Amino acid sequence: MSYEETIQYLFNSTPVFEQVGASAYKEGLSNTYALDQYFGHPHQNFRSIHIGGTNGKGSCSHTLAAILQADGYKVGLYTSPHLVDFRERIRINGEMLPKQYVIDFVEKHRAFFEPLHPSFFELTTAMAFKYFAEQKVDYAVIEVGLGGRLDCTNIINPLLSIITNISLDHTQFLGDTLPKIAKEKAGIIKQGTPVVIGEATDETRAIFEAKAQEKDSLIVFAEDIPMVISSTPTPMGGRKYATRLFGELEGELGGDYQEKNTNTVLTAVANLYNAHVIKHVESISKGLSNVCELTGLMGRWQKTHTHPTVICDTGHNEAGWLYLSKQIKNQQCKNLRIVFGMVDDKDMNKVMSLLPSNASYYWTQPNTKRAFPVEKVAETGKKYGLIGKNYKSVAAAYREALTDADENDFLFVGGSSYVVADLLSTIR
């Protein structure tokens, strides 16, 4: 099979959460343990850092990987979902794994895994761990797929666990209250392994403290003694940080929400520095200011066009849009235009209630079976006084918005990772 045929095989023969949602979710780790045993427990051959939470996992994972790379390490990075190419999920020092590796993995091992009927994520996690072990990475930064306790990445024994924050998302799997979700996310806290909590409420803090006590794990709440004192946007689209321990730093990633993410990352970095994992203070500045170049990160307040300014962002739930809506509303521009779509496991009403009323909307639906039909998106928008036109594809909506826009307009594309993926595929 060619690479394209192999990817289609993976998408068509394994349940893919990104495509079909709940039916792809497999509770329990039996398949994960079977795959791990078959491949010889590859996760035991590299040191790892485990990152869970509701929002910010991707930004924190990429930033931490960039800092470790800048410190001279060979760093594996496993994240999800991908935006354009499946191989974005599995990288070493920013380089995606070779297409031939994906082909060979499927051809050599399908006789074993086909009878298991693993999910897409179970299989790709096994692929990532095998690749990292074979390539002898020094460290692997592993992002949790969904939840934590029963996530198939949770077989690793990391040197540090990080939980970014907790908000209501994937409630059909993780629970319908913050404490219930926190309990699932806290499942990545391991015996004697330190854990950093990025943001917590009184309810979730109690859950994390109890789990850390049970596991005899040192727990640090990043908000208690913040590493980031303040931050401001930079002319280049990033953020400048005044920090408690590391002086003034400049981060490449824009977005107001990055202040919280950076505070979480720097709290983790302080732990790694004290543990003599990170050896050079200058690596922190170098990694933070070159995240995209070092790791290939896309879709986080990413500028794709100037005159008009076009920004895309993968924020897709209420917690993410609390930050995004404020930043979009604060843009100094002639006209505000928004290309917007969502997928069906998100609370569209809560997100829609946060969208600016003074924008021209280009309602759309991403290319996934889980997309809300554009008609439903537009209908929900009307409930909140948001008026726009309907487009059956992100590409069509974006082209129309770009055509309509004046050079001093601000155009935002988002609502879902899949909307951003369709945009990036369109402009490649």
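Residues numbered from 1 in each chain as written. Predicted model: local features only at pLDDT ≥ 70, side-chain atom pairs only at ≥ 80, totals over all residues. Heavy atoms only, no water.

### Details of the domain arrangement of the protein chain
Link 1 in the chain: Entries for the protein chain in the domain assignment read domain 1 (3-295) and domain 2 (302-427).
Link 2 in the chain: When each unit is reduced to the centre of its C-alpha atoms, the spacing between domain 1 and domain 2 is 27 Å. (Domains from an automatic or database assignment.)

### A short note on unusual backbone geometry
Link 1 in the chain: Residues S80 and P81 are joined by a peptide bond in cis, for which omega reads -5°.
Link 2 in the chain: Considering the arrangement of structural elements, one finds P81 in the loop between β2 (75-78) and β3 (90-92).
Link 3 in the chain: In this chain, H307 is followed by P308 through a cis amide linkage whose omega measures 5°.
Link 4 in the chain: By the element assignment, P308 lies in the loop between β12 (302-305) and β13 (309-313). (Helix = DSSP H or I, 4+ residues; strand = E, 2+ residues; numbered from the N terminus.)

### So, the sheet that holds strand β4 (residues 95-96)
Link 1 in the chain: Taken in spatial order, the 8 strands line up as β4-β3-β2-β5-β1-β6-β7-β8 in an open sheet, and their pairing is mixed. Unpaired on one side and paired on the other, β4 and β8 (219-221) mark the two borders of the sheet.
Link 2 in the chain: Sheet topology places strand β7 (residues 195-197) next to β8; 3 bridges connect them, and they run parallel. Bridge pairing in β8 links V195 to I219.
Link 3 in the chain: Against the sheet, helix α6 (residues 120-134) engages β2, β3 and β5 (139-143), with an angle of about 15° to β3. (Pairing = 2+ DSSP bridges. Contact = heavy atoms within 4.5 Å. Axes fitted to C-alpha atoms, helices over the stretch in contact; angles between N-to-C directions.)

### So, the UniProt feature "domain: Mur ligase C-terminal" (unreviewed entry) in the protein chain
Link 1 in the chain: Mapped onto this structure's residue numbering, the UniProt feature "domain: Mur ligase C-terminal" (unreviewed entry) falls at residues 299-416.
Link 2 in the chain: Spanning residues 299-416, this segment combines 32% helix with 22% strand, and its end C-alpha atoms are found 10 Å apart. (UniProt positions renumbered as here; feature names shortened; annotations may be inferred.)

### Side note on helix α5 (residues 99-113)
Link 1 in the chain: In a regular helix each residue adds 1.5 Å, so 15 residues correspond to 21 Å; α5 covers 20 Å between its end C-alpha atoms and thus fits that length.
Link 2 in the chain: The largest bend along α5 measures about 35° and falls at E107.
Link 3 in the chain: Burial in α5 covers these residues: Y101, V102, I103, F105, V106, H109 and F113.
Link 4 in the chain: Contacts made by the buried residues of α5 are with α1 (3-13), α3 (30-38) and α6. (Expected span 1.5 Å × (residues − 1). Bend = angle between axes of the 7 residues up to and from the residue. Buried < 20%, exposed > 50% of the residue type's maximum accessible area, 1.4 Å probe, protein only.)

### Notes on the environment of G237
Link 1 in the chain: Looking at the secondary structure, you find G237 in the loop between β9 (228-233) and β10 (239-243).
Link 2 in the chain: Remark: the alpha-carbon pair of G237 and K303, spanning 66 residues in sequence, is separated by 8.1 Å.
Link 3 in the chain: Sequence-distant contacts of G237, defined by excluding residues within four places in its chain, comprise E252, L253 and G254.

### What about the packing of aromatic side chains?
Link 1 in the chain: Summed over the entire model, instances satisfying the criterion amount to 20 aromatic pairs.
Link 2 in the chain: For the ring pair W321 and F412, a centre distance of 5.5 Å and an interplane angle of 80° mean the geometry is edge-to-face. Linking W321 in helix α13 (residues 318-329) with F412 in strand β17 (residues 410-414), this pair joins segments that are 91 residues apart in sequence.
Link 3 in the chain: Ring pairing ties together the aromatic residues F46, Y78, Y101, F121, F129, Y131 and F132, which thus form one cluster.
Link 4 in the chain: The positively charged end of R110 is found above the aromatic ring belonging to Y9, 4.5 Å away from the centroid.
Link 5 in the chain: The ring of F221 carries R205 above its face, with NZ or CZ at 4.0 Å from the centroid. (Phe/Tyr/Trp six-rings, centres within 6.5 Å; stacked < 30°, edge-to-face > 60°. Lys NZ or Arg CZ within 6 Å of the ring centre and 35° of its normal.)

### Description of the pattern of salt bridges
Link 1 in the chain: As enumerated under the stated definition, the model contains 13 salt bridges in all.
Link 2 in the chain: Note that K130 and E134 form a salt bridge whose closest N and O atoms lie 2.5 Å from each other. You can see K130 and its partner E134 sitting in helix α6, 4 residues apart, about one turn around the helix.
Link 3 in the chain: The partly exposed category is assigned to E134, whose relative accessible area is 39%.
Link 4 in the chain: One connected set of salt bridges, linked through shared partners, spans D345, K346 and R370. (Salt bridge = Lys/Arg side-chain N within 4 Å of Asp/Glu carboxyl O.)

### What to know about the sheet that holds β9
Link 1 in the chain: Across the sheet, 3 strands lie side by side as β9-β10-β11; this open sheet has antiparallel pairing. Every interior strand has two partners, whereas the edge strands, β9 and β11 (248-251), have only one. Strand-to-strand twist in this sheet, taken as the mean axis angle between neighbours without regard to direction, amounts to 25°.
Link 2 in the chain: With 5 bridges connecting them, β9 and β10 associate as antiparallel partners. By the bridge assignment for β10, S230 is matched with A242.

### Things to note about the packing of helix α4 (residues 57-70) against helix α10 (residues 258-274)
Link 1 in the chain: It is at 10 Å that the axes of α4 and α10 come closest, and there the two elements cross at 40°. In this view, α4 runs oblique relative to α10, as classed from their interaxial angle. When you trace α4 past α10, the crossing you get is right-handed. Along the contact surface, α4 presents S59, C60, T63, L64 and I67, while α10 presents Q258, N261, T264, V265, V269 and L272.
Link 2 in the chain: Of the residues assigned to the contact of α4 with α10, the class counts are 6 nonpolar, 5 polar and no charged. (Parallel < 35°, antiparallel > 145°, perpendicular 65-115°, else oblique. Left-handed = near helix turned anticlockwise from the far one by under 90°. Nonpolar A, V, L, I, M, F, W, Y, C, P; charged D, E, K, R; others polar.)

### Quick word on α4
In an α-helix, one turn spans 3.6 residues, which is why side chains three or four residues apart end up on the same side.
Link 1 in the chain: A rise of 1.5 Å per residue sets the reference length of α4, with its 14 residues, at 20 Å; its end C-alpha atoms lie 20 Å apart and thus fit the reference within 8%.
Link 2 in the chain: Burial runs high along α4: 14 of the 14 residues are buried.
Link 3 in the chain: A positive backbone phi angle near 100° is found at G72, which sits one or two residues after α4.

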